[in-house]
Each structure stands twice: as C-alpha cells, then as structure tokens.
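Here's the letter readout for the chains.
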Amino acid sequence: MDDQLIVCRCEEVTLAQVEVAVSRGARSIMDLKFHCRAGAGHCQGRQCQPLLVALLAARLGLQAGAVQGQAPRQPRRPVCLARLAEERPAFPDRDALTLLPPEAERPPAPPPEGSPVRPSVGSARSRPALGPDVVVVGAGVVGAATAYYLARAGLRVVVLDQAGIAREASGRNSGGIRQHGRGVDLPLAREALLRWAELNDELEEPFGWRQAGDVLVALTEREMLRLERAAQVQREAGLHVELVDRAGLRELLPGLTPRALGGSHCPTDAQANPVLAVWSLVNAVRRRGGSVLTGTTVLRLLTGRQGVRGVVTSRGTFQAPIAVLAAGPWTRSLALTAGVSLELLARRSQLAVTEPLPGTVRPFFAGNAIYGRQTDEGNIVFGGGGSWERVEEDPIPLPRARTARAATPRTLGRLATRLLELFPGLGGVTVLRAFSGLVDLTPDGLPLAGPVPGVPGLYVAAGTSGHGFGIAPAIGHRLAEAIVTGTVAPALHRFAPLRFPPDLDFPKAYRARYGSSAEPVEGVVAQLGLSEGVALTADGGSSCCQSSTAR
C-alpha cells in the first residue's frame, strides 16, 4: 500500500504518518488524533474512523472490535463563533442541530472481556523481573515527568493509569509554559521553563516547543493597575516583563479589540503541544527500561510499619518501597487508603478548537477570563475554567469522570462570547470541537509536592490547580531528586502536601468565597490565611494578577 495514501482527508494525514504514530505508541483513535491529527478535522473522524480502526487492528494484530474508537465531540457540526456566542443567553439547552446531547459524548464502551490487551501498554507479565523501585500512579504530565527523571537516574519505574496516557487534564489544556503572572511559585515556574527547554533537546520525539512569549491583556483601568503592580514585583524577582500600551498590544496580538487598554508581556515564556509532550516523556521512560501500564486502576496503597509496600490494582499487586501519587483528582481518595487526608477538589476546565487560520498570533494570551494560543497548524485553542463549574469533593469513579469531561453548552457559549470580545473579527471562524478535563485544586492554588510525613516512601505530586503542564518538569525533577538522595530541596518546602491547618474545610471555603460568581473575590488572602500576593483566582490558579488564568 502506498505510504502517501491519504487516510484522513480533512487533515490530509497519510498512511506513513499513521505508521509513525503507531511506532510511537498510538493504540486508539484518540491516540492517532493526538499524534498525527487523524480525525481532528471538520468531520471529527466520521468519514475516516472505520479506515483508521481497520489500519490499527491490522498493525496490532487485533480484532477491529478491540480497537477503541471515539465518539464525536461538541459541537455536533462545525459552528461559527458568533453563532455559538449569541445562543448562550437565550438557549441554555442549545439547538440540537448544533450541539450533541450529553450522552452522545460518552466514549465507546471498552472492549468485551477476553479481548487482547493492547500491546503498547503491556500487562502485569511485562513488569521488570526484579520488581520496580518506584510505582508512579498517573500517566499525566506530572507523573510522566517524575518517572522520566527517576528512570534517567537509573531507578526501575512502573507508571500505572486507570485510563490512558494524557487522558485527563494533561491532554486537555492549551499548552502554556509561563512564568508570567506567577506569585510565590515563580521560582518553580522559572525552573520548569529551563527544564522544558532541556527536554526539547533531550527527548527524541518533538512536542511543539515554541518560545513565543506570553501576553496578559487588561480591559479596564483596574486590571491595568494590577498588571503594573505585578510587573514590578516580578521584575524585582529577576523576570523579564514588559508593560505594553494599546498599540504595542495590537502588534503582539493582531486583531485584538481596541477596548484593550494595555497589558504585560513576558517574551521568554513558551508553549507546546501538551499531549505530544506527555507521550515523548512516556516513550523516553520506556526506552530507559521503565514500564507504563494503562487500563490499570490503582485501588489502594499497601503500607506497613516501615511505610509503603506497594499498590493493589485491578491487575494485581505491584510491590515497591516507594509510591508517587500523581493521579490528579484521584490522588485524594488514594491517599485516604493510607490514612492521609489531602486538601484537594476536582473541577472541570473546558476548551474549544477553531479551524486552522493564517498564523498571526504567536504568543500565548490571557485576558477577559479566558486564555488561548494559536497552534503550529493554525488552530486557535481557547478555554477557561471558573467557579461556575461544579466542584467535586468525593472520589470520582471513572465512568462519572468521563461524563464530567464532556463540554457543556453553557460554558462553550461563555468562552465563545469572551473570545469574540477580545478578537471581534473571529465571528465567522468555525469551532470544530470542544473538550474538557478535570483539574485538581488546592486552597492556595499551589501544588502539593513532596514526601508525606508519617508514611515513609509515599510522595505526592498533585493539586497543580490548572497549571500542571507548565510546571511539571520542575516538580518531577525535584521529586526524583528527593527520592534518589533522600533529601527534599528547599524549592519544594513551600509545597508540602500537609501544609494546611487540619480544621480547614476547603469545600465550604470554596463555596463561601466564590458561590456562582466567575470573578475573583476580594480578601481571599486574608480569609484563607494565604501568603501575601497569592490568592485562589476564580479559575482556580495561583496568581498575582486578575488576567492570569489556568492553562
């Protein structure tokens, strides 16, 4: 068969590109979409999915029914931004011709029992003969980065995930890597940027690294004043931040509304393709002898008098003296099995993707309570999360998490409206698809990263509050360093997993602070007793300026 045969007409994906994706670990339609954009165009795979399923089955030696397909995402058909935005106030339930009913977004059922296990992820039989030194729970960006640095240090590592690689928030964000707008976590963000640049050189697979800067937009005098104050603080910390006026802002962001008064610009910030970045890390772990097993649910931790002994999973028990919980919203429930209570809440963060446009917007941008970037292919990825989204305190079963991942009409309308307020000329641009992920929030918007006192061998890497992609390499490197040397670096002291007072009722505090409002609330620092200059913004992230949003 001709390797230049077009197998996805919308994105002009060739058979050769599919073959490369399979060689890098793609084992499902979603994996192909992430790796080579097959099925990511206007038809959302309706035309090409049968062929892609047949190709995957043939390459992997599986029955076609064992290859996981993907249901169409919102909207049902491509719809222009102006239509999506104007519907929001009047039609909360949406037009059935435009948006899918909620049940249509549920992923296909897993293969029937007895179907072959997907060979890319292995099974319990592929574990190292001596057993792992470390079990990492979670194949998102934080877990993958931690596993990579552990494997690079020579440790035997097994990564376990209940769903798949980058299937939660790590694969459902817009890929911002920023120092701009950070508070007390600025040193961690600066280290992370350097580590991403190193990974761009170290990893064998490209992941779309682009150091194109970051722009925060002010639409009001109050927002501009906040940006000016934040810029002063960040400059004093050694970060290169420029204040820009209205004209300078429009040079950085062509097509921006003339309502924008100005903004701040950090030219050293970067962006990348988040899914490809996680896959690059995962494949590097495998090349260094590590194992990554998906479809493996960790049920509980095994602990004893000496601390961690391993984990019990849906595929049996994995014995190891060290466990790293990097399971996002599921970290809290797993920690409870070892008698550890972590302050974490889960909340949905939603994004949408437009059709490809001529490349005019290079920097990452944020303002008007949304964020976004233009990809190398020309699509604009934009999104946001806020207190209008429901938060979850209890453990989230995977089936319910799949429903929670579905994009909602109300938020799609909200995001479209706010994007058009920033870029009025995009009204006729088509939105191809929308998706969401579950982010894990902490009371101060800062991560939980480090060892857990009282449980030797247990480490936590969670609670990144919507900023996990950008800071993951710094967290992963510091955790690996602590595990290898037995010493926790001062850089992690601020992020101790049990730093909050035991009498803090985080869910109650969250509801009291934000209710149903989407705007930041004054006085959060004083009310929650946080460090000065850092507050839990309406998007759930730590920020010293209003325009900074979770990305």
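Just above sits the structure.
Just so it is clear, the model here is predicted, and its values are computed rather than measured.

About the criteria used
- Residues numbered from 1 in each chain as written.
- Predicted model: local features only at pLDDT ≥ 70, side-chain atom pairs only at ≥ 80, totals over all residues.
- Heavy atoms only, no water.
- Axes fitted to C-alpha atoms, helices over the stretch in contact; angles between N-to-C directions.
- Helix = DSSP H or I, 4+ residues; strand = E, 2+ residues; numbered from the N terminus.
- Left-handed = near helix turned anticlockwise from the far one by under 90°.
- Contact = heavy atoms within 4.5 Å.
- Nonpolar A, V, L, I, M, F, W, Y, C, P; charged D, E, K, R; others polar.
- Core = buried A, V, L, I, M, F, W, Y, C linked by side-chain atoms within 4.5 Å.
- Buried < 20%, exposed > 50% of the residue type's maximum accessible area, 1.4 Å probe, protein only.
- Salt bridge = Lys/Arg side-chain N within 4 Å of Asp/Glu carboxyl O.
- Polar contact = N/O pair within 3.5 Å; in protein donor to acceptor, adjacent residues only side chain to side chain.
- Pairing = 2+ DSSP bridges.
- Phe/Tyr/Trp six-rings, centres within 6.5 Å; stacked < 30°, edge-to-face > 60°.

A. Here's a closer look at the packing of helix H5 (residues 141-152) against helix H9 (residues 274-287). Here H5 crosses H9 at 30 degrees, and the two axes come no closer than 9 Å. As for the relative orientation of H5 and H9, their crossing is left-handed in sense. In this structure, H5 contributes Val141, Ala144, Ala145, Ala147 and Tyr148 to the contact, and H9 contributes Val278, Leu281, Val282, Ala284 and Val285. For the contact of H5 with H9, the class distribution of residues is 10 nonpolar, no polar and no charged.

B. Main features of the side chain of Glu191. Here Glu191 shows up in helix H6 (residues 186-202). Apart from the residues within four sequence positions on either side, Glu191 is in contact with Ala474, His477 and Arg478.

C. Region of the structure containing the nonpolar core. Within the largest apolar cluster, 59 residues are counted, with the highest numbers of intra-cluster contacts made by Trp196 and Phe207. Ignoring anything within four residues of it in the chain, the contact list for Phe207 reads Trp196, Leu199, Asn200, Ala272, Asn273, Leu276, Ala277 and Ser280. Grouped together as the second largest cluster of nonpolar side chains are 30 residues, Val215, Ala260, Phe365 and Ala416 included.

D. Here's a closer look at the pattern of salt bridges. One pass over the full model with this rule turns up 14 salt bridges. With its nearest N and O atoms 3.5 Å apart, the salt bridge here joins Arg287 to Glu204. Of the two residues, Arg287 sits in helix H9 while Glu204 sits in the loop between H6 and strand E7 (214-218), which places them 83 residues apart along the sequence. For Arg287, a relative accessible area of 40% corresponds to the partly exposed category. Taken together, the shared-partner salt bridges connect Glu191, Arg195, Glu198, Arg478 and Glu481 into one network.

E. Structural detail: the side chain of Gln374. Following the sequence through the fold, Gln374 ends up in strand E18 (residues 370-374). At a separation of 3.1 Å, a polar atom in the side chain of Gln374 contacts the main-chain carbonyl oxygen of Pro358. With near-sequence residues (within four places) excluded, Gln374 lies in contact with Arg210, Gln271, Leu357, Pro358, Gly359, Thr360, Val361, Asn379 and Ile380.

F. Highlighting the pairing of strand E9 (residues 262-266). Within E9, 5 of the 5 residues are buried, which leaves the element mostly enclosed by the surrounding structure. In E9, alternate side chains face the same way, and those of Gly262, Ser264 and Cys266 on one face and Gly263 and His265 on the other are all buried. Where E7 and E9 come together, 5 bridges link them in antiparallel fashion. Within E9, the residue paired with Ala218 across the bridge is Gly262. Here strand E8 (residues 242-245) pairs with E9 via 4 bridges, running antiparallel. Looking at the pairing, Asp245 lines up with Gly262 of E9.

G. A look at the packing of H5 against helix H13 (residues 468-485). Relative orientation of the contacting elements H5 and H13 amounts to 35 degrees, with a least axis distance of 7 Å. Of the two possible hands of crossing, H5 and H13 adopt the one that is right-handed. Counted together, Val141, Val142, Ala145, Thr146, Tyr149, Leu150 and Arg152 of H5 and Gly468, Phe469, Ala472, Pro473, Ile475, Gly476, His477, Leu479, Ala480 and Ile483 of H13 form the full contact between these two elements. Across the contact of H5 with H13, the residue classes break down as 12 nonpolar, 4 polar and 1 charged.

H. The packing of aromatic side chains, seen in detail. A full pass over the atoms with the stated rule returns 5 aromatic pairs. Their ring planes at 70 degrees and their centres at 5.2 Å tell us that Tyr148 and Tyr149 sit as a pair that is edge-to-face. Tyr149 matches Tyr148 in its accessibility class, with the two residues each being buried. On the numbers, 4.9 Å between centres and 35 degrees between planes, the contact of Trp196 with Phe469 is tilted. Of this pair, Trp196 sits in helix H6 while Phe469 sits in helix H13, and the two are 273 residues apart along the sequence. Each member of the pair Trp196 and Phe469 is classed as buried. Counting every residue linked through ring pairs, the aromatic cluster contains Trp196, Phe207 and Phe469.

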